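Below are the chains, spelled out letter by letter.
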Amino acid sequence: MRRNGVRAVIIPPSPRLDLLRELPEPYAIRRVDGWDELHEVLRTAPPSAVALVDADLPGGGVDERVRELVVRFPMNPVVAVLELEPGRVDDLRRVLRWGVGEVVNFWVESLPG
């Protein structure tokens, strides 16, 4: 995953994350077809590979697959994307307790300026 100084950011399908087209160097996006393939890729990935996952469930709450990812692959950073708003404090606490490396409010952090 890290060749010639490139650091892979592995992304399973997500309508929100599909908007992400490119990242600045040394990062490079690697898309996978789903959570199963994400696990397969991380199984052989170096610790420099990052999993960027949409942690929001469509009906509300946080996707438990994020916790499973952190537990199964503790050497790889997991970055969870959440839509953060005041009523989501418990969800934020939950993913931080699980051990995600970073939480990104995609809509706020992707705004220009």
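Note: the structure precedes this text.
A few points on the structure. Keep in mind the model is a prediction, meaning the values are calculated, not measured.

**With respect to helix H1 (residues 35–44)**
- Buried within H1 we find Trp35, Leu38, His39, Val41 and Leu42. End-on view of H1: buried residues confined to an arc of 165°, all on one side of the axis. The exposed residues of H1 that point more than 90 degrees off its buried face are Asp36 and Thr44.
- Of the surrounding elements, those touching the buried residues of H1 are strand E1 (7–11), strand E2 (27–31), strand E3 (50–54) and helix H2 (65–72).

**Focus: the nonpolar core**
- Core analysis: the biggest nonpolar cluster contains 24 residues, and Ile10, Leu38, Leu42, Val66, Leu69, Val78 and Val100 have the highest contact counts within it.
- Where this core is concerned, the elements lending two or more residues are E1, H1, E3, H2, strand E4 (78–81) and helix H3 (89–98).
- With four residues, H1 is the largest single contributor of residues to this core.
- Setting aside residues up to four positions removed in sequence, Val66 forms contacts with Trp35, Val53, Ala55, Val78, Trp98 and Val100.
- Val9, Leu17, Val79 and Val81 belong to the second largest nonpolar core, which has nine residues in total.

**Remarks on the pairing of E4**
- Burial along E4 is two-sided: Val78 and Ala80 and Val79 and Val81, pointing in opposite directions, are all buried.
- Here E3 pairs with E4 via four bridges, running parallel. Residue pairing in the sheet places Ala51 in a bridge with Val78 of E4.
- Traced from E3 through H2 to E4, the parallel crossover comes out right-handed.
- Two strands pair when backbone bridges link them, and E4 and strand E5 (residues 102–104) are joined in this way by three bridges, in the parallel orientation. Across the sheet, residue Val79 finds its bridge partner in E5, namely Glu102.
- On the question of chirality, the crossover connecting E4 to the parallel E5 by way of H3 is right-handed.

**A closer look at H3**
- Turning to H3, its buried residues are Asp91, Val95 and Trp98. Mapping the buried residues of H3 onto a view down its axis gives an arc of 55°, with all of them on the same face. Exposed residues on H3 whose side chains face more than 90 degrees from its buried face are Asp90 and Arg97.
- Buried residues in H3 make contact with H2 and E5.

**Here we look at the pattern of salt bridges**
- Inspection of every chain in the model, using the stated rule, returns twelve salt bridges.
- Of the charged contacts in the structure, one is a salt bridge between Glu83 and Arg16, with a shortest N-O distance of 3.4 Å. Pair noted here: Glu83 is in the loop between E4 and H3 and Arg16 is in the loop between E1 and E2, with a separation of 67 residues, a long-range link.
- Glu83 sits in the partly exposed class, given a relative accessible area of 35%.
- For Arg16, a relative accessible area of 12% puts it in the buried group.
- Between Asp91 and Arg94 there is a salt bridge, with its nearest N and O atoms 2.8 Å apart. Of the two residues, Asp91 and Arg94 both sit in helix H3, three residues apart, roughly one turn of that helix.
- A single salt-bridge network, built from bridges that share partners, covers Arg16, Asp54, Asp56, Glu83, Arg88, Asp91 and Arg94.

What counts, and where the lines are drawn
Residues numbered from 1 in each chain as written. Predicted model: local features only at pLDDT ≥ 70, side-chain atom pairs only at ≥ 80, totals over all residues. Heavy atoms only, no water. Buried < 20%, exposed > 50% of the residue type's maximum accessible area, 1.4 Å probe, protein only. Helix = DSSP H or I, 4+ residues; strand = E, 2+ residues; numbered from the N terminus. Arc of directions from axis to C-beta. Contact = heavy atoms within 4.5 Å. Core = buried A, V, L, I, M, F, W, Y, C linked by side-chain atoms within 4.5 Å. Pairing = 2+ DSSP bridges. Right-handed = clockwise from strand over helix to strand, strands pointing away. Salt bridge = Lys/Arg side-chain N within 4 Å of Asp/Glu carboxyl O.

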